[in-house]
Amino acid sequence: MTGAAAELTLGDGMRIPRLGFGTFQIPPDDTQRAVECAIEVGYRLIDTAAAYYNEAGVGAALRASGRDDVFVTTKLRNADQGYDSALAAFEASRRALGVDVVDLYLIHWPVPSEDRYLDCWRALIRLREEGVVRSIGVSNFLGEHLRRIVDETGVTPSLDQLEIHPSFSQPRLRQTCAEMGVAVQAYSPLGQGADLEADAVLAPARRLRVSPAQVVLGWHLQSGRIAIPKSTHVERMRENLALDEVALTDSELAAIDALDRPSGRIAGDPATFDFSQRLEDAAARGEI
């Protein structure tokens, strides 16, 4: 099963939907509508972040839906890194979401230039021990960042949320995650337009009579990843969930794997990315 009902068991035993709904760059004043639509059509995983400045809209949508089976992920903003500041930032996110317990809390970026991600990880461990977070993980962490926090604390992240799409699939980092028992979740899973126009994607789309986007999402799920596509259009939301008939052959999966190239990155480089993610910073970058 590869559609809305499919789940993955994380290393800590928590179960997470394999396909979720991303909210990056959805304007705060449109977030509630978009998330309500996503929940209505069948998404049971909603991904947000303090740096998206739309947690309140996600929370409003959760309340409006009346459902108690939606898995919610949010993330620690770079400007809030540090032990005490991370604890305070989590409380702000929890209030904005209007929930007692957050299903998954992530460190958004390692920001190695500040060297505070280890303190952040210790704060997340405390939050899980206190029962206000069910699972803890990271986002954009490279192998050296993962190994350091595990070596220093003995606690392995449940998940690493990474930029992964056909033209930038990070096979070495994915292998490191697999060896460490860290699940991989793909953000920007459809990449840019060129990913959907590649022959390796179009050929199976024609064979299966599905869209190129469905082929790429099927590639993620058949490869063992979680994916969080974003759309503000209801029909596209439905299409992205309708993956039960998308069964790629081994050769088709390999052909899409072969599209990977080092220059395919869309987002920042985790080794150097150090934006504060404050409101003014995010607005200047066109992220809200």
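Residues numbered from 1 in each chain as written. Predicted model: local features only at pLDDT ≥ 70, side-chain atom pairs only at ≥ 80, totals over all residues. Heavy atoms only, no water.

Enquirer: Hey, could you run me through the packing of helix 8 (residues 199-208) against helix 11 (residues 250-257) in this one?
Expert: Two packed helices can be described by the angle between their axes and the distance between those axes. For the pair helix 8 and helix 11, the least separation of the axes is 8 Å and the interaxial angle reads 150°. Taken together, helix 8 and helix 11 sit at an angle that is classed as roughly antiparallel. The residues of helix 11 that touch helix 8, namely those facing A200, V201, P204 and R207, are E252, A255 and I256. Split by residue class, the contact of helix 8 with helix 11 holds five nonpolar, no polar and two charged. (Axes fitted to C-alpha atoms, helices over the stretch in contact; angles between N-to-C directions. Helix = DSSP H or I, 4+ residues; strand = E, 2+ residues; numbered from the N terminus. Parallel < 35°, antiparallel > 145°, perpendicular 65-115°, else oblique. Contact = heavy atoms within 4.5 Å. Nonpolar A, V, L, I, M, F, W, Y, C, P; charged D, E, K, R; others polar.)

Enquirer: Even after reading the chapter, I still don't get the sheet that holds strand 8 (residues 159-163), so can you show me in this structure?
Expert: Sheet strands line up and pair through hydrogen bonds in the backbone, either parallel or antiparallel. Taken together, the eight strands give an open sheet; going across it, the order is 3-4-5-6-7-8-9-10, and neighbouring strands pair in parallel fashion. One side of each edge strand has no neighbouring strand; the edge strands of this open sheet are strand 3 (21-22) and strand 10 (226-227). Here strand 5 (residues 71-76) pairs with strand 6 (residues 102-107) via four bridges, running parallel. Bridge pairing in strand 6 links T74 to Y105. (Pairing = 2+ DSSP bridges.)

Enquirer: What should I look at first to understand the pairing of strand 5 in this one?
Expert: As a general feature of sheets, a regular strand has side chains that alternate between the two faces. The buried fraction of strand 5 is high, at six of six residues. For strand 4 (residues 45-47) and strand 5, the ladder comprises three bridges, and the chain directions are parallel. Its bridge partner being in strand 5, L45 is matched across the sheet by F71. (Buried < 20%, exposed > 50% of the residue type's maximum accessible area, 1.4 Å probe, protein only.)

Enquirer: In this structure, what is going on with the nonpolar core? I would like to understand it.
Expert: The nonpolar side chains of soluble globular proteins are, as a tendency, buried together. Ranked by internal contacts, the top residues of the largest apolar core, which has 70 residues, are F21, Y105, W121, I149 and L248. With eight residues, helix 4 (residues 117-130) is the largest single contributor of residues to this core. For L248, the residues in contact, after removing those within four places along its chain, are P204, R207, L208, V215, G218, W219, Q222, L253 and I256. Core analysis: the second largest hydrophobic core is formed by 15 residues, L45, F71, V111 and A183 among them. (Core = buried A, V, L, I, M, F, W, Y, C linked by side-chain atoms within 4.5 Å.)

Enquirer: Just to check I follow, could you spell out helix 8 for this structure?
Expert: Along an α-helix, residues three or four apart share an orientation, since each turn contains 3.6 residues. Within the span of helix 8, buried status applies to A200, V201, P204, A205 and L208. An end-on view of helix 8 places all buried positions within 130° of arc, on one side of the element. Facing away from the buried surface of helix 8 by more than 90 degrees, the exposed residues are D199 and R206. Those residues of helix 8 hidden inside the fold are in contact with helix 7 (193-197), helix 9 (212-222) and helix 11. (Arc of directions from axis to C-beta.)

Enquirer: Please explain the packing of aromatic side chains as it appears in this structure.
Expert: The description of an aromatic ring pair rests on the distance of the ring centres and on the angle between the ring planes. All told, the structure shown has six aromatic pairs when counted by the stated rule. Ring plane angle 20° and centroid distance 4.0 Å describe the contact between W109 and F273, whose orientation is recorded as stacked. Of the two residues, W109 is situated in the loop between strand 6 and helix 4 and F273 in the loop between helix 11 and helix 12 (279-284); the sequence distance between them amounts to 164 residues. For F273, a relative accessible area of 6% translates into the label buried. Between Y117 and F141 the ring centres are 5.4 Å apart and the planes differ by 80°, which places this aromatic pair in the edge-to-face class. (Phe/Tyr/Trp six-rings, centres within 6.5 Å; stacked < 30°, edge-to-face > 60°.)

Limitation: the analysis is restricted to geometry and does not speak to function.
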